[in-house]
Amino acid sequence: MEYQNVKGTHDVILKEANDYKYIVDLMSEVVSLFDYHLFHVPVIENANLFQRGVGASSDIVRKEMYTFLDKGERLISLRPEFTASIIRSFNNNKLYATMDLPIKAYYHGPVFRYERPQLGRYRQFDQFGIEILGTDSLYFDAEAIILGYTILKQFNLEDVTLKINSLGDETSRNNYRHALKDYFKNHIDNMCNDCKSRYELNPLRILDCKIKEDQEILKSAPKIYDYLTKESKERFEHIKEILDENHIPYEVDDNLVRGLDYYSQIVFEFHYTSKKGFNYGAIGAGGHYSNLINELGGPKDMQGVGFSFGVERLYSILKDDDLLLDEQYLLDVYVASIDEEANLSAFNVSNLLRINGLKVDCDYIFHKPGNAIKIAIRKKARYLIFIGLDEINNNVLTVKDLSNQEQTQVKYEDLINYFYDKLGFDHKHIEEE
Ligand code: AMP
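Note that the structure is a prediction, hence the values are computed from the model and not measured.

Analysis parameters
Residues numbered from 1 in each chain as written. Predicted model: local features only at pLDDT ≥ 70, side-chain atom pairs only at ≥ 80, totals over all residues. Heavy atoms only, no water. Helix = DSSP H or I, 4+ residues; strand = E, 2+ residues; numbered from the N terminus. Buried < 20%, exposed > 50% of the residue type's maximum accessible area, 1.4 Å probe, protein only. Near = heavy atom within 4 Å. Polar contact = N/O pair within 3.5 Å; in protein donor to acceptor, adjacent residues only side chain to side chain. Areas by Shrake-Rupley, 256 points an atom, 1.4 Å probe, with all protein chains shown as cover. Pairing = 2+ DSSP bridges. Axes fitted to C-alpha atoms, helices over the stretch in contact; angles between N-to-C directions. Contact = heavy atoms within 4.5 Å.

Caption draft 1: Spatial organisation of unusual backbone geometry. The linkage connecting Leu-101 with the following residue, Pro-102, adopts the cis geometry, with an omega of 0°. Within the secondary structure layout, Pro-102 lies in the loop between α4 (83-92) and β5 (103-112). Positive phi, close to 65°, is recorded for Asp-35, a residue that is not glycine. Inspection of the secondary structure puts Asp-35 in the loop between α1 (14-33) and β1 (37-38). Overall, the relative accessible area of 46% leaves Asp-35 in the partly exposed class.

Caption draft 2: Up close: the site of the ligand. Inspection of the region around the ligand gives 15 residues, with Arg-113, Glu-115, Tyr-122, Arg-258 and Ile-283 positioned closest. Between the ligand and the protein, one listed contact pairs an oxygen atom with a side-chain N or O atom of Gln-127 at 3.1 Å. Separating an oxygen atom of the ligand from a backbone N or O atom of Ala-282 is a distance of 3.0 Å. Compared with its free state, where it exposes 480 Å², the ligand has 93% of that area covered by protein. At the level of elements, β6 (124-133) and β11 (304-310) are the ones that each hand at least two residues to the shell around the ligand.

Caption draft 3: Broad picture of the sheet that holds strand β2 (residues 44-46). The antiparallel open sheet is built from 3 strands, whose spatial order is β2-β4-β3. Every interior strand has two partners, whereas the edge strands, β2 and β3 (67-69), have only one. On average, each strand axis in the sheet is inclined to that of its neighbour by 35°, with strand direction left out of account. Of the pairings in the sheet, the one linking β2 to strand β4 (residues 75-78) comprises 3 bridges and is antiparallel in character. Note that in β4 the partner of Ile-44 across the bridge is Leu-78.

Caption draft 4: Representation of the sheet that holds strand β16 (residues 407-411) within the structure. Spatially, 5 strands are ordered β13-β12-β14-β15-β16 in an open sheet, and the strand pairing comes out mixed. Strands with a single pairing partner mark the edges of an open sheet, and in this sheet they are β13 (360-361) and β16. The sheet contact formed by strand β14 (residues 381-387) and strand β15 (residues 396-401) spans 4 bridges and is antiparallel. In the sheet register, Tyr-383 faces β15, and the bridge partner there is Asp-401. Its contacts with the sheet put helix α12 (residues 343-355) on β12 (331-337), β13, β14 and β15, and the angle it makes with β12 is roughly 165°. Strands β12, β14, β15 and β16 of the sheet are contacted by helix α15 (residues 415-423), whose axis makes an angle of about 160° with β14.

Written out as structure tokens, the structure reads:
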């Protein structure tokens, strides 16, 4: 019987796994420059964390959570996003009581949503993101946006579209909700079922509808900007000024409301269409939250901002646009025994090179020299070492430089120095056998 992976999941293996690592490592490096610190939080949480955190009217909580009773009858969910977990950790560990707020966290790992699988949409996918916790300063909203933009620039993605909008404060949103209900009252009967339930639960989410006929109706809907309170408007304008000052291009999209219920004030999304013309949807998205920390048991008036990137989507556009690392060499040395009696020597030499910091492979069986060359090239090795009986008897190794096919004999005791010179390593760390 052949076992299939679960629908909506996928294996990330071999070259693709290296590419994922490259993506996560580069993002980790960039956020470290901005002084963010890694948070590891559990994949499982009590279900009510997300019901409260992500919001009862969100699609995620209504339709997409993987929730089950564990053997102790606890209602558990696989995390559908990180923000609620990071805030739970911030609250549980009383990080809000530290002197140096805000806490700047970053995270990465798998999240789970029972969505319809399609291009760029999985049921298990990886997110990488940040949260800035314990500040209401608009400068941190701007920092989050600029950090997201900087990450994409580091991957050499040109033409990133940054969309921003403001959802304002509670008063702004209440006023706008009323205006939307008023407007949609005469249209809602002719709109899709999702819009009908959003009309009751959260009319702002109607603006997210992708159905063509509904979008026509959306065109004449009231715009949130006109309902922002004076303070919310000023806050939004100020952030835009900071983005302008820092030469970050953006578009204001008044239909951008985001699918998670906790946002207030600024929200943003990063979009990109690959050169092949594929648009994988938002690659990353986030926003400010005014009440979420308090709603999840933390102190009042503690605010935050964060964003999350989808690693699968980032991978797809980098692959489409040929922007993934294509390393010329994956190994420093491939060691080949060319005589059965040289297998042990090949093992020992491989080990000696590895403990001295070289990246080395050897398969511990003997090969004909021609085959060994083919394997070394397939493995993208920079150098190939042949070891046969001649080499053992003369206490030398035959080293082939695969970049120019030059072959030379190196004395066994000179081997490490030889490679350190060739590869530009520092000689301080040579380990004796
Ligand atoms: P969200 O948590 O919904 O704001 O999503 C943040 C990012 O996660 C999105 O911009 C996408 O890049 C990615 N993402 C969301 N849902 C999926 C999915 N089902 N499959 C793959 N990536 C996703």
